[in-house]
Structure formats: C-alpha cells, structure tokens
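Residues per chain, in single letters:
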Amino acid sequence: MSQGIPSSLVAGRPAAALLVRTRADRRRSLVNSAFQGVALLAAVACVVPLGALVTFVVMNGAGALNLDLLTRPTRALGLGGGAAAAILGSLQIVPIAAVIAAPIGVLAALYTVEFSGRRTATLIRFAADVMVGIPSILIGIFAFALFVLPFHQFNALAGSLALAIIMVPVVMRTTEESLRLVPGSLREASLALGVPMWRTALSVVLRTGLSGVAAGLMLAVARAAGETAPLIFTAFGNQLINVGGLGKPMDALPLFIFVNARQPYEAQNSQAWGAALLLLLFVLAVNVIVRGRAGRRNSR
Amino acid sequence: MAIDAAQPETPGAPEGRQNPQGRPPPETEETAVAGHAPGVRHAPGVGHSPELRPGVQRLPIAVGPGPGDLTDGAAASEATAGLLEVRHLNAYYGTFRAIRDVDLSIRPNAVTALIGPSGCGKTTFLRTLNRMHELVPGATVQGTIELDGVDVYGSNIDPVRLRRVMGMVFQRPSPFPTMSIYDNVVAGLRLTGRHQRSELDAVVERSLRRAALWDEVKDKLRENGMSLSGGQQQRLCIARALAVGPEVLLMDEPASALDPIATLRIEELIAELKQSYTIVIVTHNMQQAARVSDRTAFLTMGEDRAGYLVEVDETSRIFTNPRERLTEDYVSGRFG
Amino acid sequence: MTLVAAGLIVVLLAGITIRLAIESAGTWARFGLGFLGGTTWDVVNGVYGALPFVAGTVESSLLALIIAVPLSLLTAIFLAELAPRWLSVPLTFLVELLAAIPSVVVGLWGVFVLSPFLRDTVEKWLVGALGFIPIFSGPAFGIGLFSASVVLAIMIVPTIVSVSREVIVAVPGAQREAMLALGATRWETTRRAVLPYARSGIVGAVILGLGRALGETMAVTMVIGNKDIVPTRVFDQAQTIASKIATTFNEAQVGIQTQSLIALGLVLLAITLALNVIARLLVRQVAGDGGGLASGG
C-alpha cells in the first residue's frame, strides 16, 4: 500500500510471543473477575430482603397466629380479639372479584388470540399492559366515584369491583400466553369438522389451555388478596363480622394489617403480624405452586 | 477479482517483505521484560501497544504477491507463523462426544477447508481451535492443539488472548448494530485500552482495504454497519477480525448466508488473505471448498454420532482421487 | 362477546382517566395549574397545593431508582449472562417472588424492622459521614423519605430485574460470540455488545420500575412519616401523592377537599400512564410482544 509499511508476513512470527499475557491482559482479566463478583453480590443482595422479610414475618407472626386470631372478631382499643372479620371479609371480597374478572379477562384473551386482527390485538394487549401499571390506589378512587359516591355508602361490592378491575388485565395477559401455546392444528381439526369458530374457541382452545388459564387466575387472586389501597375507600373495613352484606362495609386482611400496624398498642401490632403471616403464607403458596409448575413450561 | 483496484504496483514491496527492518520485535511486553534489562520495556520501534502491533504492521494484501504469483506465495508459506498442530482432539458437550480423536496439521499461509455432512462436528472442531467451544456450558476438550508449538490449552494460556491471535468469522454477518462502520472495525482494539486517533484511523483503513471493503465504505465510515448489504456486512466482520492482528482466521461457512455475487467476493478475498494468514474454513459447499482451499479435510460422523477425521490431503487430490472410500462416496455423491 | 370483554379493557383505561378528570374538575377550576405549584394544603381555609406531595413522590422514587438500578442491572446481567442454569433459575424465581409479597406486608416489615435498622446503621453513618451536606444532615428518625426510598427500591427491584433480564436474554447470541471472538472478556462482551444492544429495553425496564415506585402506596404510606412538607433532606418525614390520598381520603369532606385529592390522583395517573406507555414501547422494541410482562409488573 502507499504507506509502504514493511511486511511481516514473510519472515513470520511464532505465535508463542503473541500468546503471552500482557499486563493489560491481566488488568482486563482482573476487571472481569471483579465484575463477576460484584454481579454475584448484587444478585445475593436482591434476595436478602426477601429472606429478611419472610423471616421477620414468621418470627413476629407465629406467636400471634392462634385460634383467637382466626376465629374472633376485633375488639375495641387493643383489648385482643382476632382477625375473623378480616379473614371472612377477604374470603368474600376476593372470590367475588375473581368471579367478575375471570370471564372478562378470559374472553378478552380469546378475542385477541382467536378473533381479532393483529393490530387490534396489539392495541388491546398494550392497553392491558399499561393498565397493569396504573397505581392501584387510583383504581380505588375510580371505584369510589363509581360505586360508593352514588350510594353514599362504603360497600364490599365496590371493593370487589375495584379488585376485579385490577385483575382483568392480569388474567387476560396470562390467559393469552397459555392460549397461544395451544397448537394451531387442534383448531384446524375442529374447524374442519364443521364446528363453528366460537365453539372451537370455547371447547377446544380454552379447554386445552385451561390449566394455564387457571394458573393465571390463581396468580391474579393472590395479587388481589394482598391489595390494600383499592379497598380503603370502597370496602372501608369493619370491626364487625359481615357475612353476605355486600352493600355494607367489610373488613379484609390487608386492611386489618394496615389499620393494626398504625395503632399504638403492641397487642394490635402483634395481630397485624399474625394477619401478615396468614396473608404471606397464602400468597407465597400460590406463587410457589403455580409458578413452580408453569415456570418450567414457560421460562426461557 | 478486484485485483486491479486493490493491487497498485508497489515496486518496493518485495524488498520490504524480505527485510523485516520495520517489523517490531515479536516479544510482547512480558517477554521483553524477561529477555532484556527491566528498564527496556518498550523496545525501539514499538510505537504502540503490543495489541495494536500486529494489525498495524501487517502489510495489506495489496502489496503481497498476486494470486497468480504462487511461487512467491509458496516461499512465504515456508514461514512457520500460524502453524496449527491438532493431536488426539476430542470435544464433548457434557457427556456427548462431538469430536473423536482428530489429528490434523494445518499449514500457514494456506486455506484448509473442512467438509463433511452436517452434524459431523466441523463447526465444533473450528470452535475448539480458538477455544470458543468451552464457552458453551458443559463443553470440554481433550487432546492438544499447538499453535506454532504452543499448546493453546496450556495452563498459562489465556483464551481471551488466544482469540485475538485466532480471529473468527461467523456464518451470519454480525456487525454490532449500535456501532458505526468505523467503530465496528476497531471494536477489538478498543478492548485493550486507549489508542490514538491516528492509529485507529490507520487500522481502519488497512483492515477495510484488506477486506476489500474500503472503496465501498470510505465515504461513510460514520454510518451504521447495518446499512450495508449482507456481503458487505460479512466483509466488515472480516475487517473487524483482521483489525486485532490475528495469525489465524477461522471461518464458519462465511458465505452461506450470502448471494452468489457476494459469495464470489468473499472467496476472492479468502484467496488474497491466505497469503498473510492461516485460514481454516468450514463449508457445506463442496464447489466452494474446491475453489478456495489448498487442503481439504473430510470429517464424518461415526456410529457413536461423534465426528472424526476421515482424511486430509491436497484439495485437488481429495476431489479427484481420495484415498478413502468414504471420502470418494461423499465427494462423488455430491458432484454426481 | 369477546369483543365486548376486550373493549372493556380499553374503556376502563379511558374511563378511569375521564372519571378522575371529572371528579377533580372543581379543583382545576379554582386553582388551575397553580395547583401543581402550591405548597400549602390547608383544609380549614380551603387552599390546596400539590407541590409537597409531587415533590415527595418524585424524590422518593428517584432515590429508590438510585438504589435499585445498579443493583437490578447487575443482578439481571448475572442471571442472564453469568450464572449457570442451576443457579439462575431459582434466583430468578426468588426475585420474582419478592414482587408477589403484598405491599402492606412490606410496609409492616418496613415500619417495625427495616426503618429502626436503617436508623441505627445506614442513616447514622450517613449523617456522620455526609452530615455536612445539607441534604444529608440529621436528625434521622428511621421513619421518613430515606426509609421509604429503601422500601420502594426493594419493591421495584423485581420489576427492573425481570424485565431487563428478559431483554438481555433476547439479545442474539451472535452478538456475544462476535465480541468474544475478538478477544473480549465476559465483562467487555456485556458492556460493549450486550448492553448497547439491549439499551432501549433496559431503559424501558427502569421506567417501568419508576412507574411502580411513583404509584406504590401502602408500604410508602407506612414508613414515610406522613408530613405535608416539601422535603429538603433525605431523612425528612414526607408525604407522597399516593400516601396523602391513602391517609386522608376517607376523612375528607366531599367537595373541594376530595376534589383536590382526586386532582392529586389525576396528576399521578398522568405521570404513570405516560411512563408506562413509553416503557412498554421501549421494551417491546427489544423483547417483542409476548413475554410475561404482565406478571412482572
């Protein structure tokens, strides 16, 4: 070339010299090791809070978790009692929310996977993703404006509706994922037999994807069971046991924890820990069971 | 071939090749320290870091002998730089043996083609050479591979260092999409620290010229590498591999994702590059092997699904009169 | 029918926005955009300004990001690039499990365990070492902005880790191999090939985390101290939009006070919606349409 740089290619150069590590190589290798070490530490640090949290909830909650907590309603001014009103409340509010949210979420997922065009599906999916990101307390305000204000009455149903709104996009996205795993050949076989599209969707696609749908629903339930913010101005909370009075205020476990954590009495704080342990056990159990099973299938 | 454009007459070149006066001493920093007085860390003539040296000092192909000038090339190949000796090589993925007992000697300044049915371990073999194989979790190697007499699996060998000496070009062009053409070429050099702008400029031009891409991209070095055609992208990847100054170039089906014209350009480029490098090319295309290579190694799969070397010989012999029946079947079957 | 269900999601999204706008119309009419800059929240005289809560929200979330982002990115890199499968699978699971813990439980732990711990260790140390800088000056009570930020960081780590891990996993192997073959170390490969390729998705992951931090309610409410001031020190007791709503909405007089609280909510909604749209678009660009993002966020 024009620079006329002399060539090395004739004489050739044994690679031995080139393969010897230089100081720069050692520095780079050191940086690399440091990076790997720091990354490992970071990963460990991310798990530490989980461990600390579970440990303390178990430690502080185990003492409070007794028959009273499970069976007695709250008594005034920290005189003991239990979380029965809250437990029964959660057992009503959450399932009702699930019953409302499940069909909507599943149908919406069927629509995007089976019926709609790509663009509509993308739009709806996008809306669902964005909705997952809306702070749940705002959903609470929305439910308050819609279901409490007109009746001048805090009520359990409004709480269920608020939770349902939170659950719908979660159910939809998880359902979608499991429906997409249903092989197209199944659909075609059914359609070829003359089964109409809607029946194919329901009886073939949905049934095949059912376990995935159920898993998604369980995760949504676990999430809703721990939601507090949307219940504050809807279900409101109630010291008394309320069974079936959906038009009336009702307690729930997360509300119970929130309220009792803020009281100056140790007995109430301790009840909050007990309720937290109860809630944590439920949420972790659902997650471990569902994700442990589905994770193997879905994780990349 | 782009000989006319890429090969200006440079009268002083032959002298330059015989006279290594400007060639920096082969020592790296460490050997320099070991071999000389401690103070003499930077031998005279080493104006830049050792990593940069090979890429800078190598003479562009353009001044090398023309492709027809084979006697000259043969003279050059007597040099020992870039001689690979593979002995009793076994490669594993976990417990599965992918390569069984390969003995192969790979000559410098020549193209060695690896052919064989798919799944016979050609690519795995290639990746054992620059120790890319061991990056796969559970992948291991037994046996020895010597580069100019140095065991590349020796305990004192840093695979990261080794890969700079044995460059690799992959099946699919893989420019870094967030980098410009310029930055793609110097990506390897940037790893080893700061370099002066003028040094980098020189390496970019030299590497791109060697990869026969300079004329096409010299006016748009700042543009994104993804803006190039597939063939250009692959030559960019070759330039990127050359820029760090390797001795050996490992090519894994480098033209299989390209159209015929781009393929032709790559093949022409390989013919030029072999005058400076040891080239090992995996190809599924036997005509290509016949066209570009000097020697051909035929691998196939045994009963145990492990790939093994059937024979290696001059390419002309493999394709006309191989010693082994298996080779003949394979070669004639495809050509038949 | 499926169309109705799907449409309902879009309708809900729009409905929430419109409803909050309508319910807060009184506040906007009275104070206009000056509401955002007002520093007093005076129930007696009916003067309402959002600044203390906007400031508390933004400050706590940014502080949380400062803590969470480096930690999360390193973890995501570790899980996606470095860890062997037997380690990365359970670790990923544990990190995602952290996201499943109810906010109120994290808050309970935050009040009784974490903030006393921080008060006696990190905060004490910070006041001692950096106390001469006004924002780090004492006293530190545990309860306050700093503890809230640590709690928030813990809560957004799973979001950032799982989304950015997905994005990093989606980087083509060829990019890594190309860099490794040039003689790059793992670190150099990550920094120069993988992270640049995944950059927009990682930015998306961080924004998703930020969105979550801004709207997080219960845990913050329980540890931030609930004081209506514009915090100027990291140990100040403060209030976020969400915590202000959570603690006072039920006692509020229907009328301008409620409207002002809902107006706060609308501000929060606008910020989180915008962030979520941006984040989802960025992540989609790298990791595609699918992915378990719904469960991650």
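Residues numbered from 1 in each chain as written. Chains lettered and ligands numbered in written order. Predicted model: local features only at pLDDT ≥ 70, side-chain atom pairs only at ≥ 80, totals over all residues. Heavy atoms only, no water.

Q: Explain the overall build of chain A here, please?
A: If you tally the helices and strands in chain A, you get 13 helices and zero strands. Helices (α) and strands (β) of chain A occur, in sequence order from the N terminus, as α-α-α-α-α-α-α-α-α-α-α-α-α. Expected size for 300 residues packed as a compact globule is a radius of gyration near 19 Å; at 28 Å, chain A overshoots this value by more than 25%. Taking the principal axes of the C-alpha coordinates as reference, chain A spans close to 95 × 65 × 35 Å. Counting the 300 residues in chain A, one finds 56% classified as buried. Counting only carbon and sulfur atoms, one obtains 67% of the accessible surface of chain A, whose full area is about 12,500 Å². (Helix = DSSP H or I, 4+ residues; strand = E, 2+ residues; numbered from the N terminus. Rg over C-alpha atoms; globule rule 2.2 N^0.38 Å. Buried < 20%, exposed > 50% of the residue type's maximum accessible area, 1.4 Å probe, protein only. Areas by Shrake-Rupley, 256 points an atom, 1.4 Å probe, with all protein chains shown as cover.)

Q: I'm lost on the interface of chain C and chain A in this one. Help?
A: Residue-level contacts link 79 residues of chain C with 79 residues of chain A. Interface area, chain C with chain A, both sides summed: about 7,500 Å², of which 79% is carbon and sulfur. Sorting the residues of chain C by area buried against chain A places I9, W109 and N250 of chain C first, and these three jointly supply 8% of that buried surface. Our count for the contact surface shared by chain C and chain A stands at three salt bridges. Of the residues forming the side of chain C that touches chain A, the biggest block, 14 residues, is contributed by helix α1 (residues 2-23) of chain C. Classifying every residue of the side of chain C that touches chain A by side-chain character gives 49 nonpolar, 20 polar and ten charged. (Contact = heavy atoms within 4.5 Å. Buried area = accessible area lost by both parts, 1.4 Å probe. Salt bridge = Lys/Arg side-chain N within 4 Å of Asp/Glu carboxyl O. Nonpolar A, V, L, I, M, F, W, Y, C, P; charged D, E, K, R; others polar.)

Q: Would you mind showing me how to read the interface of chain B and chain C here?
A: Frequently, the measure chosen for interface size is the accessible area that the parts lose on association. Counting residues at the interface gives 22 residues for chain B, matched by 18 residues for chain C. Taken over both partners, the interface formed by chain B and chain C buries close to 1,600 Å², and the fraction arising from carbon and sulfur atoms is 64%. When the buried area of chain B at its contact with chain C is split by residue, F176, T178 and L191 of chain B rank highest and sum to 33% of it. Residue R127 of chain B pairs with E177 of chain C through a salt bridge whose shortest N-O separation is 2.6 Å. There are four residue pairs in polar contact (both at pLDDT 80 or more) connecting chain B and chain C. Secondary structure elements with two or more residues in the side of chain B that touches chain C: α7 (159-165), β6 (166-169), α9 (187-190) and α12 (230-243) of chain B. (Polar contact = N/O pair within 3.5 Å; in protein donor to acceptor, adjacent residues only side chain to side chain.)

Q: What is the right way to read a nonpolar patch on the surface from this model?
A: Residue and element names in this part refer to chain A. On the surface, F115, L191, M197, W198 and L202 cluster together into a nonpolar patch covering about 490 Å² of accessible area. Top element by residues in the nonpolar patch is helix α9 (residues 197-208). It accounts for three residues. For L191, the position within the fold is in helix α8 (residues 184-192). On the basis of relative accessibility, which here comes to 40%, the residue L191 falls in the partly exposed class. (Patch = residues over 30% accessible without salt bridge, like charges linked within 9 Å, V, L, I, M, F, W, Y side chains within 5 Å.)

Q: Any chance you could explain the pairing of strand β4 (residues 139-147) of chain B here in plain terms?
A: Residue and element names in this part refer to chain B. Judged from the eight bridges that link them, strand β1 (residues 84-93) and β4 form a sheet pairing that is antiparallel. Within the sheet, the bridge partner assigned to Y93 lies in β4 and is A139. Across two bridges, the pairing between β4 and strand β5 (residues 150-151) is antiparallel. Bridge pairing in β5 links L147 to V150. (Pairing = 2+ DSSP bridges.)

Q: What should I look at first to understand the confidence of the model for chain C in this one?
A: Atom-level detail of predicted coordinates should not be read off regions where pLDDT is low. Residue and element names in this part refer to chain C. In this model, chain C carries an average pLDDT of 92, and 97% of its residues clear a pLDDT of 70 or more. Confidence over residues 290-297 falls short of pLDDT 50; this stretch has 19 contacts with residues more than four positions distant or in other chains. Among the scores for the predicted complex, ipTM is 0.92 and pTM is 0.85. (pLDDT = per-residue confidence, 0-100.)

Q: Can you walk me through unusual backbone geometry in this structure?
A: Both trends apply: most residues other than glycine have a negative phi, and most peptide bonds are in trans. P139 of chain C follows G138 of chain C through a cis peptide bond whose omega is -5°. Structurally, the position occupied by P139 of chain C is in the loop between α7 (122-130) and α8 (145-169). Positive phi values are uncommon outside glycine, yet H88 of chain B reaches one of about 50°. Among the secondary structure elements, H88 of chain B is positioned in strand β1. With phi around 50°, D101 of chain B is a residue other than glycine that occupies positive phi space. Structurally, D101 of chain B can be placed in strand β2 (residues 96-106). On the accessibility criterion, D101 of chain B (39% relative accessible area) is partly exposed.

Q: Would you explain the packing of helix α4 (residues 84-115) of chain A against α1 of chain C in this entry?
A: Between two packed helices, the angle of one axis relative to the other and the distance separating the axes together describe the packing. Two numbers describe how α4 of chain A lies on α1 of chain C: the axes approach to 7 Å, and their chain directions differ by 105°. When the axes of α4 of chain A and α1 of chain C are compared, the pair comes out roughly perpendicular. Contacts between α4 of chain A and α1 of chain C involve I104, L107, A108, L110, Y111 and F115 of chain A on the former and, on the latter, T2, L3, A5, A6, L8 and I9 of chain C. Taken together, the residues of the contact of α4 of chain A with α1 of chain C sort by class into eleven nonpolar, one polar and no charged. (Axes fitted to C-alpha atoms, helices over the stretch in contact; angles between N-to-C directions. Parallel < 35°, antiparallel > 145°, perpendicular 65-115°, else oblique.)

Q: What should I look at first to understand the pattern of salt bridges in this one?
A: Pairs can form between side chains of opposite charge once their charged atoms are near each other. Residues and elements named next belong to chain B. As enumerated under the stated definition, the model contains 34 salt bridges over all chains in all. With its nearest N and O atoms 3.8 Å apart, the salt bridge here joins K218 to D215. Judged by relative accessible area, K218 falls into the partly exposed class, the value being 38%. Given a relative accessible area of 49%, D215 falls into the partly exposed group. Here D329 makes a salt bridge to R325, at a shortest N to O gap of 3.4 Å. One end of the pair is D329 and the other is R325, both in helix α16 (residues 325-335) and four residues apart, which spans about a single turn. Accessibility expressed as a relative area gives 60% for R325, which makes it exposed.

Q: Would you take a moment to explain α4 of chain A for this structure?
A: Residues separated by three or four positions in an α-helix point in the same direction, a consequence of the helix having 3.6 residues per turn. Spanning 32 residues, α4 of chain A covers 45 Å between terminal C-alpha atoms, matching the ideal 46 Å at 1.5 Å per step. For α4 of chain A, the tally of buried residues reaches 23 of 32 residues, placing the bulk of the element in the interior. (Expected span 1.5 Å × (residues − 1).)

Q: Whenever I open this one, the packing of aromatic side chains confuses me. Can you help?
A: Both the distance between ring centres and the angle between the ring planes are used here to describe each pair of aromatic rings. With the rule as written, the count across this model stands at twelve aromatic pairs over all chains. Pairing F35 of chain A with W187 of chain C gives two aromatic rings, centres 4.6 Å apart and planes at 45°, and the pair type is tilted. Taken together, the residues F35 of chain A in helix α2 (residues 23-62) and W187 of chain C in helix α10 (residues 186-215) connect one chain to another. Aromatic side chains W41 of chain C and Y48 of chain C sit 4.8 Å apart centroid to centroid with 75° between the ring planes, which places their arrangement in the edge-to-face category. Through a chain of ring-to-ring contacts, the aromatic side chains of F144, F154, F233 and F236 of chain A together with F249 of chain C assemble into a single cluster. Positioned over the ring face of Y182 of chain B is R222 of chain B, at 4.3 Å from the centre of the ring. (Phe/Tyr/Trp six-rings, centres within 6.5 Å; stacked < 30°, edge-to-face > 60°. Lys NZ or Arg CZ within 6 Å of the ring centre and 35° of its normal.)

Q: Honestly, the environment of L147 of chain B in this entry has me stumped. Any pointers?
A: All names here are of chain B. Within the element layout of this structure, L147 appears in strand β4. Look at L147 and you get buried, because its relative accessible area is 0%. The spatial distance from the C-alpha of L147 to the C-alpha of L200 is 28 Å, given a sequence separation of 53 residues.

Q: Looking at this structure, how should I read helix α6 (residues 136-148) of chain A?
A: Between its first and last C-alpha atoms α6 of chain A spans 17 Å; for 13 residues at 1.5 Å apiece the expected length is 18 Å, and the two agree. Where burial is concerned, most of α6 of chain A is hidden: eleven out of the 13 residues are buried. Taken as a whole, α6 of chain A has its buried residues at S136, I137, L138, I139, G140, I141, F142, A143, F144, A145 and V148 of chain A. Contact partners of the buried residues in α6 of chain A: α7 (156-180) and α11 (229-232) of chain A together with α1, α12 (241-248) and α13 (256-287) of chain C.

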